[in-house]
Amino acid sequence: MTTPDLTDAPGRPTTAGDPGALAGLLTDEQTAWLSTACGDVAADPGSAVGHLARAGRAVGRTPLDPDLDPAGVLHGTLDDAARARLVVALAGALPADGESLATRLTETYQRGDTSERRGVLRGLDALALAGAVQPAVACAGTTLAADALRANDQSLVAAAVGPFAAAHLDDHAWRHAVLKLVFMGVSLDAVAGLDERADDELARMARDFAAERRAAGRVVPDDVARIAPEVPDRTDAPTLPTVPTTSLANHSKDA
């Protein structure tokens, strides 16, 4: 598996895991809350659970890029990015071997609602971009990403194909994640490292998927052409949208 370097990839969209994702987007009050919350987590790692749960109320759920990603599905929301910052603060407060962090992230994910699960995944992205993923965290994170990729929630699946997935999912899991997004009609703009990791096997899978769709008289999504350029991206039927419109408000218990 080739691990793409996404720390400063030109043209890579800002996602909730990026360290500067919240720059200029929070009010003074929201900024103060996040700064205090991160300080609390640094002093008392046990406080992370409460702050992660409250992030949606504290900073809001506005998409990071409302023009290109109006539902915040592809690249995340303000609360996704705030939770990612809290995960980084938690990582800094726990032993460097990553064992405690892996346990806490797993527990938070398993007990959390969809928004908190996205926050854990975006936090893993933040750690991956910082080059701070210990083996124990990588192991736990791949398990959590695999769980998210079994979901039917667009925002959760999209959060599972960010920089952490690009660096740590094996080829089999990563290819199937990409195909799931195509099947769900979610733009492949959500996938970190797509150009670097796309390979002949993924193209073959995409061609097979396209053939099955055509045989069933169904539309082939435009994004198939991004991973299998030789496959025509149009049919006589209307094009299947690839920009998700699902609202995230329906998936958060702290609304």
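Source: prediction; values computed, not measured. (Residues numbered from 1 in each chain as written. Predicted model: local features only at pLDDT ≥ 70, side-chain atom pairs only at ≥ 80, totals over all residues. Heavy atoms only, no water.)

### A short note on empty space enclosed by the protein
Convention followed: Each cavity reported here is a set of points on a 1 Å grid over the protein atoms alone in which a 1.4 Å probe fits but cannot get out, each pocket an open set with protein on both sides within 12 Å along at least five of seven lines, and each lining residue one with an atom within 4 Å of a point. Grid points are joined across faces, edges and corners, and a volume is the space filled by probe spheres set on the points. Elements are defined by DSSP. Helices are runs of H or I of four residues or more, strands are runs of E of two residues or more, and each kind is numbered from the N terminus. Three categories are distinguished: nonpolar for Ala, Val, Leu, Ile, Met, Phe, Trp, Tyr, Cys and Pro, charged for Asp, Glu, Lys and Arg, and polar for the others, with Gly belonging to the last.
Applying the stated criterion across every chain, the model contains 1 cavity of 30 Å³ or more. Considering only enclosed or pocket space, the largest cavity measures out at about 40 Å³ in volume. Looking at the lining of the largest cavity, the elements with two or more residues in it are helix 5 (114–129) and helix 8 (163–168). Element by element, the count of residues in the lining of the largest cavity is highest for helix 5, at 3 residues. Split into classes, the residues belonging to the lining of the largest cavity amount to 8 nonpolar, 1 polar and 1 charged.

### Considerations on helix 1 (residues 28–43)
Keep this limit in mind: Helix span, as expected, comes to 1.5 Å for every residue beyond the first. Buried means the residue's accessible area, taken with a 1.4 Å probe over protein chains only, is under 20% of the maximum for its type, while exposed means over 50%, and partly exposed covers the values in between. Throughout, the arc means the angular range of directions from the helix axis out to the C-beta atoms. Any two residues whose heavy atoms approach within 4.5 Å at even a single point are treated as in contact.
Counted at 1.5 Å a residue, the expected span for helix 1 with its 16 residues is 22 Å, and the 23 Å between its end C-alpha atoms agrees. Considered for burial, the residues of helix 1 that qualify are Gln30, Leu34, Ala37, Cys38 and Val41. All buried residues of helix 1 project into a common sector of 100° when viewed along the axis, lining one side. Opposite its buried face, helix 1 presents the exposed residues Asp28, Glu29 and Ala43, each directed more than 90 degrees away. Residues of helix 1 that are buried make contact with helix 2 (48–59) and helix 3 (78–93).

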